[in-house]
Amino acid sequence: MGTSEAVFQVLSGSLASPYRFDSSFSNLKPVVLFSSDVICTRNRGRADQNRKHGHRMSRKCGRIFSFCSAGASLLAKTKRTNRLESMRCNCQQAESIRGVTTDGGVRLSILGNGIDDARKTRELKTDQQFKQDNGSLTSYAESIEEEAWNLLRASIVYYCSNPIGTIAANDPSSSSILNYDQVFIRDFIPSGIAFLLKGEYDIVRNFILYTLQLQSWEKTMDCYSPGQGLMPASFKVRTVPLDGDDSATEEILDPDFGEAAIGRVAPVDSGLWWIILLRAYGKCSGDLSVQERIDVQTGIKMILKLCLADGFDMFPTLLVTDGSCMIDRRMGIHGHPLEIQALFFSALLCAREMLAPDDGSADLLRALHNRLVALSFHIREYYWIDMRKLNEIYRYQTEEYSYDAVNKFNIYPDQIPPWLVEFMPKKGGYLIGNLQPAHMDFRFFSLGNLWAIVSSLATVNQSHAILDLIEAKWTELVAEMPFKICYPALEGQEWRIITGSDPKNTPWSYHNGGSWPTLLWQLTVACIKMNRPEIAERAVKLAERRISKDKWPEYYDTKRGRLIGKQARLFQTWSITGYLVSKLLLANPDAARILTNDEDSELINAFSFAMSSNPRKKRGRKGLQQPFIV
């Protein structure tokens, strides 16, 4: 059996084997031990002491895969582990890099002199620059960019001497790390885009391939295992004692599929973001060999099969629980949240572009195309709201039982909140946050609307209308710091019922109407695509006034975003990269094409046909020759 064929059979589960090997190592002889350049020799006594005082148990895992640096062998052991906090890793070899290790054993690289020097450099330059009359603002912005790049490189995580991601936050003032020292899939996306735009492709390639290996891990919570295609929310590099050798350690990747997350929710968006980043990597680097690999093609198919699986739902949208995306706490978005649908649509388009047209993909591609048509029509027709649609909903008749019902979802006009009538401008509109039977969530969710523009889920007219609304409601959505994650905030009894009185999601804080600087990059991509970059430029200039002085916080509180979030981490990596990606794209707008999707002509025709058909006409059932078994 050829190596490639064997790899495919192992990944697909048709070959019974305790080991699974990455096809990129097909020219190497697989062994079950680490080679000597990856084994980290330590004093076992200190290791035992570290484990004794460890405060967090790592999860019990099934298969541990360790893919070492170039020339190293592959570890693929099947074992059950229940390890305490791991020790500091010593296997990284970099003379010009000063490394630090968090309590959880995550290896971080700090280039230059790290955070302190980055800030001292910026403060020194700031004092000098504001003394100049000409070009002071430009110089100040350049100093912020320099600081941001230093901080980004300080957040890089290494695995077997290879850069594989960036931690969520590198806040030296925080005494509680929680899971902010892990590499989150969604958090790394703007980091990956920044590195791609800078021409640094290795870290993105490593991230794509290593996270792919985690996809096939056994995932169990309370004796139940979710679908195979699920990608982890995050992972951590741990250093643990090597079995059978008291004086050596080994590195492992410890993923979290939601078993340890607050609320124990599986991350639906991780696999969708992974596909989007994979396409961006190929477009930016020109290296299509990664997406053509058998294991990568299999990974794409596993994600798609999980998302396209048949269920009880009558809608083409993905049905998810609360907290399954960027808003990862209870915020009343269970059902069919816009953010998931926009990412789902984008991932389907990206996957269709990358999937090899072989016999094994024919049925999947057909199902993918059918879902794209249905999803685009559903979102564009039923999620869209502007002043005209608001008037239509206000006059809805209810309890319509027929195929030609106007109010298909039995929406009661009394659901229209008073704030919406004042918020809706004469020119502009947006896609609502959620749609279910007898329920419309009229809140404006930023990421879903912005990515609907990026992916062409929204029509051209709708995309311009969304940006028109952002301009018209700048005070509400941007104010003093871009960008509101949602508007408006839940308050009073509504907040208590929907969030469960969540002390972190208090009104105008965190996910409940907080302002998130990381959303800058999605805003920039959307504005560039619609040839309206001046909106993004205005937002970036606004952020530049204080984001560096405030030490790059995770989010801001209050209606106008005036206060640093009360529980916000400082030096939040995706706040840093949200700014960096925006600056890079505004300097080179053509680069935004690695993320955008052009409107598909077939989808346009299908949507036009559906709209031209009389929606009030009863669905044709004449001549239906359907056999029934009684």
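Everything discussed here concerns the structure shown above.
For clarity, every value in this text was computed on a predicted model and none was experimentally measured.

Draft legend 1. Up close: the overall build of the protein chain. Scanning the protein chain from N- to C-terminus turns up 21 helices and 18 strands. By the burial criterion, 58% of the 630 residues in the protein chain qualify as buried. Considering only intrachain contacts with a sequence separation of at least 6, the fraction spanning at least 24 residues in the protein chain is 71%. For the protein chain, the exposed area adds up to about 27600 Å²; of that, 50% sits on carbon and sulfur atoms.

Draft legend 2. Seen up close, helix H12 (residues 387-394). Within H12, the full set of buried residues consists of Lys-389, Leu-390 and Ile-393. All buried residues of H12 fall inside an arc of 105° around its axis, so they share one side. Exposed side chains of H12 directed beyond 90 degrees from the buried face belong to Arg-388 and Tyr-394. On the buried face of H12, the contacting elements are helix H11 (362-383), strand E11 (384-386), helix H13 (418-423) and strand E14 (439-441). Among the residues of H12, the N-terminal cap falls to Asp-386, whose side-chain oxygen and the backbone nitrogen of Arg-388 are separated by 3.2 Å.

Draft legend 3. Focus on the packing of aromatic side chains. A complete count under the given rule lists 21 aromatic pairs for this structure. Their ring planes at 70° and their centres at 5.4 Å tell us that Phe-315 and Phe-409 sit as a pair that is edge-to-face. Taken together, the residues span a long stretch of sequence, with Phe-315 in the loop between helix H9 (294-307) and helix H10 (338-354) and Phe-409 in the loop between H12 and H13 at a distance of 94 residues. The burial state of Phe-315 is the same as that of Phe-409; both residues are buried. Aromatic pair Trp-419 and Tyr-487: ring centres 6.2 Å apart, planes at 85°, arrangement edge-to-face. Separated by 68 residues along the polypeptide, Trp-419 in helix H13 and Tyr-487 in strand E16 (residues 486-487) bring together distant segments of the chain. Take Trp-419: its relative accessible area is 25%, and that puts it in the partly exposed class. For Tyr-487, a relative accessible area of 15% corresponds to the buried category. Through a chain of ring-to-ring contacts, the aromatic side chains of Trp-419, Phe-423, Tyr-430, Phe-444, Tyr-487 and Trp-508 assemble into a single cluster. Just above the ring of Tyr-510 sits the side chain of Lys-504; from NZ or CZ to the centre is 4.3 Å.

Draft legend 4. The packing of helix H5 (residues 185-197) against helix H6 (residues 202-215), seen in detail. Closest axis-to-axis distance for the H5/H6 pair is 9 Å, and the angle between their directions is 150°. Put simply, H5 runs roughly antiparallel to H6. Residues Ile-185, Phe-188, Gly-192, Phe-195 and Leu-196 of H5 touch H6, and the partners they reach there are Ile-203, Val-204, Phe-207 and Thr-211. By residue class, the composition of the contact of H5 with H6 is seven nonpolar, two polar and no charged.

Draft legend 5. Examining unusual backbone geometry more closely. Cis geometry is adopted by the peptide bond preceding Phe-483, which originates at Pro-482 and carries an omega value of 10°. Between Tyr-487 and Pro-488 the backbone carries a cis peptide bond, its omega angle lying at -5°. Structurally, Pro-488 is set in the loop between E16 and helix H17 (492-499). Even without being glycine, Ser-161 reaches a positive phi, approximately 70°. Position of Ser-161 among the secondary structure elements: in the loop between strand E6 (156-159) and strand E7 (162-166). The partly exposed category is assigned to Ser-161, whose relative accessible area is 27%.

Draft legend 6. Quick look at the pattern of salt bridges. Here the structure, examined in full by the defined rule, presents 22 salt bridges. Between Asp-358 and Lys-301 there is a salt bridge; the shortest N-O distance is 4.0 Å. Pair noted here: Asp-358 is in the loop between H10 and H11 and Lys-301 is in helix H9, with a separation of 57 residues, a long-range link. Classification of Asp-358 as partly exposed rests on a relative accessible area of 36%. Exposure remark for Lys-301: the relative accessible area of 13% places this residue in the buried category. Ionic pairing is found between Glu-544 and Lys-583, a salt bridge with its closest N-O pair at 3.0 Å. Here Glu-544, found in helix H19 (residues 533-544), pairs with Lys-583, found in helix H20 (residues 573-587); they are 39 residues apart in sequence, far enough to count as distant.

Draft legend 7. The arrangement of the pairing of E6 in detail. Of the two faces of E6, the one carrying Ile-156 and Tyr-158 and the one carrying Val-157 and Tyr-159 are both buried. Hairpin connection between E6 and E7: a loop of two residues separates the two successive antiparallel strands, and Cys-160 in this loop has a positive phi of roughly 55°.

Draft legend 8. Structural detail: the nonpolar core. Trp-274, Ile-300, Tyr-430 and Ile-470 are the most contacted members of the largest nonpolar core, which has 162 residues in total. Top contributing element to this core by residue count: H10, with 12 residues.

Draft legend 9. Here's a closer look at the pairing of strand E9 (residues 234-241). Among the eight residues of E9, eight are classified as buried, and the element is accordingly described as predominantly covered. Strand direction decides the pairing type here: strand E8 (residues 183-184) and E9, joined by two bridges, are antiparallel. From the neighbouring strand, Val-183 faces E9, where its bridge partner is Phe-235. Two elements, E9 and strand E10 (residues 248-256), share eight bridges in a ladder whose sense is antiparallel. What sits directly across from Val-240, in E10, is Glu-250. Following E9, the chain reverses through six residues before pairing antiparallel with E10; Gly-244 in that reversal takes a positive phi of roughly 85°.

Draft legend 10. Region of interest: the environment of Glu-259. Relative to the helices and strands, Glu-259 is located in the loop between E10 and helix H7 (268-285). Relative accessible area serves as the criterion here: at 16%, Glu-259 is assigned to the buried category. Expressed as a C-alpha distance, the spacing of Glu-259 and Ala-233, which sit 26 residues apart in the sequence, is 9.8 Å.

The rules behind these values
- Position labels on residues start from 1 in each chain and follow its written sequence.
- Local features in this predicted model are restricted to residues whose pLDDT is 70 or higher, and side-chain atom pairs enter the listing and the counts only when it is 80 or higher, whereas totals over whole chains, interfaces and linings include all residues.
- For side-chain calculations, the full set of non-hydrogen atoms in the structure is used, while hydrogens and water are omitted.
- Strands here are runs of E lasting at least two residues and helices are runs of H or I lasting at least four, both read from the DSSP assignment and numbered beginning at the N terminus.
- Whether a residue is buried, partly exposed or exposed follows from its accessible area with a 1.4 Å probe, protein chains only, as a fraction of its type maximum: under 20%, in between, or over 50%, in that order.
- Whether two residues are in contact is decided by their heavy atoms: any pair within 4.5 Å suffices.
- Accessibility throughout is a Shrake-Rupley quantity obtained with a 1.4 Å probe, and a residue counts as covered only by protein chains that appear here.
- This arc describes the spread of directions from the helix axis toward the C-beta atoms.
- Under this definition, polar contacts are N or O atom pairs within 3.5 Å; protein pairs additionally need one hydrogen-donor-capable and one acceptor-capable atom, and for neighbouring residues in sequence, both atoms have to be side-chain atoms.
- Two aromatic rings from Phe, Tyr or Trp, using only the six-membered ring of Trp, form a pair when their centres are within 6.5 Å; if the ring planes differ by under 30 degrees the pair is stacked, by over 60 it is edge-to-face, and anything between is tilted.
- Here, over-ring charges are defined by two tests on the NZ atom of lysine or the CZ atom of arginine: distance to the ring centre within 6 Å, and angle to the ring normal within 35 degrees.
- What counts as an axis is a line fitted to C-alpha atoms, over the stretch in contact for a helix, and the angles between N-to-C directions run from 0 to 180 degrees.
- Throughout, the term roughly parallel applies to angles under 35 degrees, roughly antiparallel to angles over 145, roughly perpendicular to angles from 65 to 115, and oblique to all others.
- The residue classification treats Ala, Val, Leu, Ile, Met, Phe, Trp, Tyr, Cys and Pro as nonpolar and Asp, Glu, Lys and Arg as charged. All others, Gly included, are polar.
- A pairing counts as a salt bridge when a side-chain nitrogen of Lys or Arg comes within 4 Å of a carboxyl oxygen of Asp or Glu.
- Strands are treated as partners if at least two bridges between them are detected by DSSP.
- For the purposes of this section, nonpolar cores are sets of buried Ala, Val, Leu, Ile, Met, Phe, Trp, Tyr and Cys residues that join through side-chain atoms within 4.5 Å.

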